[in-house]
Number of protein chains: 2
Amino acid sequence: MDKTLLIQEKRLLRIKECLQKRQPDLRLYLENVQNHHNVSAIIRTADAVGILHIYYSLQKNLPVNDAITCGAHKWVILEKVEDQADFLKKMKSQGFQIVATALTPDAIDFRDIDYTRPLVIVMGNELEGISEELKNKADIICKIPMHGMVQSLNVSVATALILYEAQRQREQKGFYSKKRISSELEAELIKKWGIY
Amino acid sequence: MDKTLLIQEKRLLRIKECLQKRQPDLRLYLENVQNHHNVSAIIRTADAVGILHIYYSLQKNLPVNDAITCGAHKWVILEKVEDQADFLKKMKSQGFQIVATALTPDAIDFRDIDYTRPLVIVMGNELEGISEELKNKADIICKIPMHGMVQSLNVSVATALILYEAQRQREQKGFYSKKRISSELEAELIKKWGIY
Ligand SMILES: C[S@@+](CC[C@H](N)C(=O)[O-])C[C@H]1O[C@@H](n2cnc3c(N)ncnc32)[C@H](O)[C@@H]1O
Ligand SMILES: C[S@@+](CC[C@H](N)C(=O)[O-])C[C@H]1O[C@@H](n2cnc3c(N)ncnc32)[C@H](O)[C@@H]1O
């Protein structure tokens, strides 16, 4: 076989393998996360734990830096949220619980959440954190414990800690060894991604 | 009491509280980690899990960005490593095990490590990863599992995942509820940090 074809074959195989591990019922919503380094690191982590859907609410385009994502943005579905109230309602009606991350006094420990349920994890803006609307509408508010002088973590770090706790729980339940996306979506993504 | 004095009192109290939780036998070594965003996010995470000692091997000064560390670099001990072979030998002679992080085939899962032992966690350069010297001299090589298209995580993300697994294990053993640094070091740091 000619060499380019062989590379394409290999790539296609890799895409297929990777799609077997995607977790369509664990989603991420970046509420006004602004910094391109953060957004890019988050997308890269999301790819690594098998996230397929990433929503964001920025007015401008999502600031993605190819050198930092290492191309990960090509292997997830990025979707802009135009109307947040609408979006939250839609996700809830599809059976998702909304998990907000914030350092409020009543927030529960992030390790006490059952991440094998359908969840949308919401991360907040670098300065302002999560909006009041979101705190009010969230089903769960969780926080990562901190023992130091500084009050909060970098948002890409906080995202990774939560997603990897989800990964741990889902791995334990065998969620990465059995295909979890529909065959229609699988076929659609193979067609779309296979031509990069 | 006058207002400035009151603020200083409060700050001193906070420093003391924080020192009660520092973990002198869990240390971080940044082997040629270059990017200022990464270094700064790492220092901020280190503060949050109670790391006190951070070593680095850069020729230039450590690129710290105050807006990203949120001041965390003021509450850790940053030390430049001039001679790596010497440094590793010294740490080992003091009873530390060296944990390198790399995606080598024989690396063990990062969750299988006992982080309640005295450890130096080593993180590698953004492009090159960990050096051969370090891989050879490390007592343990560990990796974080990945299920996506991209081969590695951002280094500040990888650091956070490992440090928070250590935090979890140390919390469980009560390491944050009893002072673990010597009274001499405590007094020295209160004197030094109290004047910022
Ligand atoms: C830098 S923080 C925002 C800090 C902001 N001053 C606040 O009070 O929310 C940016 C985002 O990172 C996440 N985050 C940071 N530290 C966290 C922690 N310890 N627990 C949960 N989420 C955290 C949250 O999503 C937060 O909205
Ligand atoms: C971007 S990675 C370096 C990638 C480099 N191409 C390599 O092969 O090592 C930078 C550093 O992050 C850490 N790192 C990134 N992903 C990791 C993973 N999955 N497991 C363990 N460490 C990881 C390691 O310390 C690594 O040296």
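Just so we're clear, the structure is a prediction, and the values are computed from it rather than from any experiment.

Asks: For this particular structure, what's the right way to read the interface of chain A and chain B?
Replies: Think of interface size as the accessible area that goes away when the parts come together; that is how it is often given. Contacts between the two partners involve 40 residues from chain A and, on the opposite side, 40 residues from chain B. Approximately 3,500 Å² of surface area, both sides summed, lies buried where chain A meets chain B, with 60% of it carried by carbon and sulfur atoms. The tally of links between chain A and chain B comes to 25 residue pairs in polar contact (both at pLDDT 80 or more). Of all the secondary-structure elements, those providing two or more residues to the side of chain A that touches chain B are helix H1 (3–19), helix H2 (36–49), helix H3 (66–69) and helix H6 (155–172) of chain A. Per-class residue counts for the side of chain A that touches chain B are 19 nonpolar, 13 polar and eight charged.

Asks: I would appreciate a short explanation of the relation of the copies chain A and chain B in the present structure.
Replies: The second copy of the chain is related to the first by a rotation about an axis and a shift along the axis. Of the two same-sequence chains, chain A is brought onto chain B (RMSD 0.0 Å, axial shift 0.0 Å) by a rotation of 180°. Given the turn and translation reported, the copies of this chain are related as if by a two-fold rotation axis. Here 100% of the interface residues in chain A have copies in chain B that are interface residues too; the copies meet face to matching face.

Asks: Quick question: what am I supposed to make of the pairing of strand E4 (residues 97–101) of chain A here?
Replies: Residues and elements named next belong to chain A. Among the five residues of E4, four are classified as buried, and the element is accordingly described as predominantly covered. Two strands pair when backbone bridges link them, and E4 and strand E6 (residues 119–123) are joined in this way by four bridges, in the parallel orientation. Considered in E6, the bridge of alanine 100 is made with valine 122.

Asks: Is there a simple way to explain the site of ligand 2 in this structure?
Replies: In the region of ligand 2, 18 residues are neighbours, and Thr101, Gly124, Leu127, Ile144 and Leu153 of chain B sit closest. More than one chain reaches ligand 2: its neighbouring residues belong to chains A and B. Contact distances for ligand 2 include 2.6 Å between an oxygen atom and a side-chain N or O atom of threonine 101 of chain B. Backbone polar atom of isoleucine 144 of chain B to a nitrogen atom of ligand 2: 2.9 Å apart, as the coordinates give it. Alone, ligand 2 offers 570 Å² of accessible surface; in the complex the protein occludes 83% of this. Taken together, the residues of the shell around ligand 2 break down into 10 nonpolar, five polar and three charged.

Asks: Would you mind going over the site of ligand 1 with me for this structure?
Replies: In the vicinity of ligand 1 there are 18 residues, among which Thr101, Gly124, Leu127, Ile144 and Leu153 of chain A approach most closely. One finds residues of chains A and B in close proximity to ligand 1. Take threonine 101 of chain A: an N or O atom from its side chain is 2.6 Å from an oxygen atom of ligand 1. At 3.3 Å from a nitrogen atom of ligand 1 is found a main-chain nitrogen or oxygen belonging to leucine 127 of chain A. If ligand 1 stood free it would expose 570 Å²; the protein chains cover 83% of that surface. When contributions to the shell around ligand 1 are tallied by element, the ones reaching two or more residues are strand E7 (140–143) and H6 of chain A. Partitioning the shell around ligand 1 into residue classes produces 10 nonpolar, five polar and three charged.

Reading the values: the criteria
Residues numbered from 1 in each chain as written. Chains lettered and ligands numbered in written order. Predicted model: local features only at pLDDT ≥ 70, side-chain atom pairs only at ≥ 80, totals over all residues. Heavy atoms only, no water. Contact = heavy atoms within 4.5 Å. Buried area = accessible area lost by both parts, 1.4 Å probe. Polar contact = N/O pair within 3.5 Å; in protein donor to acceptor, adjacent residues only side chain to side chain. Helix = DSSP H or I, 4+ residues; strand = E, 2+ residues; numbered from the N terminus. Nonpolar A, V, L, I, M, F, W, Y, C, P; charged D, E, K, R; others polar. Least-squares fit on C-alpha atoms with pLDDT ≥ 70 in both. Buried < 20%, exposed > 50% of the residue type's maximum accessible area, 1.4 Å probe, protein only. Pairing = 2+ DSSP bridges. Near = heavy atom within 4 Å. Areas by Shrake-Rupley, 256 points an atom, 1.4 Å probe, with all protein chains shown as cover.

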